[in-house]
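Coordinates in review
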Amino acid sequence: MPPSYRYSKLFRRSRVLWGSFSLWQPRLVFWCGALAIGVISVGFAKLADLAQKSFGSLTSSGEWAFLLPLALTPLGFMLSAYLAATLFPNSQGSGIPQAIAARHLRDEEDRTRLLSLKIAFGKIVLTVLGLFSGASIGREGPTVQVGASIMLAVARFSGMAQARGLILAGSAAGIAAAFNTPLAGIVFAIEEMSRTYESRANGLVLTAVILSGLAALGLSGSYNYFGMASAAPTELRDWGLVLICGIGGGALGAAFSGFALHFGQKIRRWAQPQPLKRMLALAGICGLVIAVIGVASGGTTFGTGYEQARAAVEGNALPLLFFVEKLAASFLSMLSGIPGGIFAPSLAVGAGFGSTVGSLLGTSIALAAILGMAGYFAGVVQAPMTAFVIILEMTGDHQAVIPIMAVSMIGYVTSRILSREPLYHGLSRVFIAAAIRARRVVERELE
């Protein structure tokens, strides 16, 4: 066999191998991105828990330590707002509106202003700072922005053209890894992020959720967010909880989202002449009021509210006015403009509302708390399927499937009647409008 023939055959084989690698490269980068979301979500969760425990230790380590939040909380809020405005713009708030807005924007540069690895880093750092300052925020919404940012970076690094699908996949993976709720991640992507079923993106979403979930599972093990519950309606008054928690929770959720959108618009107009100075002042005032509420409640309204919600799910009644205090602290934390989510605080508010209803009616506290969470959460986000699946996966209460489903739907319908615009989609329009204005400024300068 002539040497030239052998070299030609070897060259053709190498081209086939290189071609195969080129085909597999985007998939490998995508898989690595999905795994990274799981790993980072677990690390984020541990940092958030450490920050919250550190704040609790500081404020309970001396005779007058309970007054420390009166200084620490407003200063922490102002520092977080300053860093968000100057170093990490568009990291404010939950992060879910930014991910929704990025899916609606077509220009890569506009998307990068909302989702980038720099913003993801800032989101984690500032959310942890907020929890260390006693803010009533959660890490789950920010994990969505982090996951979407990682997947948008994957799109750039791998040359994949499916940016909208990858943002959807990253968002779903973030929710799945944050709560250890894979089904809720998928439903959240379909119902809340896209509002439609996109068959072309379903493979990306499923793969991202599976890989991020496996990474989180390997690091944290299998667990239910609120443990295992087995509450079920046994009496007629237990079924009365379905109506009360559905209508009452939905109305409270509608009030939260409606006032958040209304006052958010007022605040943006008020801050327009001196945005940095006025937003820092607002953050400081909100932080001070939150500190006063926290001190008056014995520290129960600080942080995510996870411990209080879990206690209610386990059947331990919460103070009758806890849900009012927690709702006020969560609302002010959101208005302050600091980075932080509303998922976990919303679950705590719902559990507190359900616990109060259960105490007044003399029913099962555990069942009332679970139904309260479903009704209020569905009212806030106006996504009943997500509310039903996420509550079911977090509590493992398969005996109350029908009541949870019914409460989620009643809460959603009540909220839609009272507040027509969903919270996250209303907030996303602010970022879309800002991107359009910035694009027009650039175009005028180029002319």
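Below is a summary of the structure that appears in this document. Because the structure is a prediction, the values reported are computed rather than measured. (Residues numbered from 1 in each chain as written. Predicted model: local features only at pLDDT ≥ 70, side-chain atom pairs only at ≥ 80, totals over all residues. Heavy atoms only, no water.)

**Observations concerning the overall build of the protein chain**
Counting its secondary structure elements, the protein chain contains 18 helices and zero strands. Taken over 447 residues, the protein chain has a buried fraction of 55%. The contacts in the protein chain between residues at least 6 apart in sequence include a share of 81% that link residues at least 24 apart. In the structure as shown, the protein chain presents an accessible area of about 19400 Å², 66% of it carried by carbon and sulfur atoms. (Helix = DSSP H or I, 4+ residues; strand = E, 2+ residues; numbered from the N terminus. Buried < 20%, exposed > 50% of the residue type's maximum accessible area, 1.4 Å probe, protein only. Contact = heavy atoms within 4.5 Å. Areas by Shrake-Rupley, 256 points an atom, 1.4 Å probe, with all protein chains shown as cover.)

**What to know about the pattern of salt bridges**
Taken as a whole and assessed by the stated rule, the structure comprises five salt bridges. Ionic pairing is found between R113 and E109, a salt bridge with its closest N-O pair at 3.2 Å. Taken together, the residues R113 and E109, both in helix α4 (residues 108–114) and four residues apart, mark about one turn of the helix. Note that R113 and D110 form a salt bridge whose closest N and O atoms lie 2.7 Å from each other. (Salt bridge = Lys/Arg side-chain N within 4 Å of Asp/Glu carboxyl O.)

**Focus on the nonpolar core**
Within the largest apolar cluster, 121 residues are counted, with the highest numbers of intra-cluster contacts made by F343, I391 and I404. If you tally residues by element for this core, the top one is helix α15 (residues 365–381), at 13 residues. Every residue in contact with I391, bar those within four places of it in the chain, is listed here: L347, I370, M373, A374, G396 and I404. Counting residues in hydrophobic clusters, the runner-up holds five residues, among them L83, A84, F88 and L126. (Core = buried A, V, L, I, M, F, W, Y, C linked by side-chain atoms within 4.5 Å.)

**Some points on a nonpolar patch on the surface**
The grouping of W64, F66, L67, L70, L288 and V292 at the surface amounts to a nonpolar patch, some 550 Å² of accessible area in total. Counting through the fold element by element, L67 comes out in the loop between α1 (3–58) and α2 (69–86). (Patch = residues over 30% accessible without salt bridge, like charges linked within 9 Å, V, L, I, M, F, W, Y side chains within 5 Å.)

**Considerations on the environment of G396**
For G396, the location among the structural elements is in the loop between α16 (384–395) and α17 (401–418). Distance from G396 to A229, taken between C-alpha atoms, is 5.9 Å for residues 167 residues apart in sequence.

**Thoughts on the packing of helix α10 (residues 236–271) against helix α13 (residues 322–335)**
In contact at an axis separation of 10 Å, α10 and α13 are set at 30° when each is read in the N-to-C sense. Judged by the inter-axis angle, α10 sits roughly parallel to α13. The element α10 and its partner α13 pack so that their crossing is right-handed. For the pair formed by α10 and α13, the contact residues are L252, F256, F259, A260, F263, G264 and I267 on the first element and F323, L327, S330, F331, M334 and L335 on the second. For the contact of α10 with α13, the residue count by class is 11 nonpolar, two polar and no charged. (Axes fitted to C-alpha atoms, helices over the stretch in contact; angles between N-to-C directions. Parallel < 35°, antiparallel > 145°, perpendicular 65-115°, else oblique. Left-handed = near helix turned anticlockwise from the far one by under 90°. Nonpolar A, V, L, I, M, F, W, Y, C, P; charged D, E, K, R; others polar.)

**Regarding unusual backbone geometry**
Despite not being glycine, N90 has its phi angle at roughly 75°, a positive value. Among the structural elements, N90 can be located in the loop between α2 and α3 (96–104). N90 gets classed as partly exposed once you look at its relative accessible area, which sits at 23%. You will see that Q382, though not glycine, has its phi angle at about 50°, which is positive. Relative to the assigned elements, Q382 resides in the loop between α15 and α16.

**A closer look at the environment of L241**
Checked against the element boundaries, L241 lands in helix α10. C-alpha of L241 to C-alpha of G358: the two residues are 117 residues apart in sequence and 7.7 Å apart in space. Once you skip the residues sitting within four places of it in the chain, L241 turns out to touch G246, V357, L361, T363, S364, L367, A368 and L371.

**As for the side chain of Q308**
Tracing the chain through its elements places Q308 in helix α12 (residues 306–313). Apart from the residues within four sequence positions on either side, Q308 is in contact with T300, L318 and F322.

**Comments concerning the packing of α3 against helix α7 (residues 163–179)**
Two quantities define a packed helix pair, namely the angle between the helix axes and the distance between the axes. Contact pair α3 / α7: the axes reach a minimum separation of 9 Å and the direction vectors enclose 165°. Classified by the interaxial angle, the pair formed by α3 and α7 is roughly antiparallel. Seen along the crossing, α3 lies across α7 with a hand that is left-handed. Only R164, I167, L168 and S171 of α7 make contact with α3, whose side of the interface consists of A99, A102 and R103. Of the residues assigned to the contact of α3 with α7, the class counts are four nonpolar, one polar and two charged.

**Brief notes about the packing of aromatic side chains**
If you walk through the whole model with that rule in mind, you get nine aromatic pairs. For the ring pair F55 and F302, a centre distance of 4.9 Å and an interplane angle of 70° mean the geometry is edge-to-face. Of the two residues, F55 sits in helix α1 while F302 sits in the loop between α11 (275–296) and α12, which places them 247 residues apart along the sequence. Of the two residues, F55 and F302, neither departs from the other in class, the shared state being buried. Measuring from centroid to centroid gives 6.3 Å for F263 and F331, while their planes differ by 80°, and the two rings are edge-to-face. With F263 in helix α10 and F331 in helix α13, this residue pair connects regions lying 68 residues apart in the sequence. Overall, F331 belongs to the buried group, its relative accessible area being 15%. Site record: aromatic cluster; members linked through ring pairs are F188, F343, F377 and Y424. (Phe/Tyr/Trp six-rings, centres within 6.5 Å; stacked < 30°, edge-to-face > 60°.)

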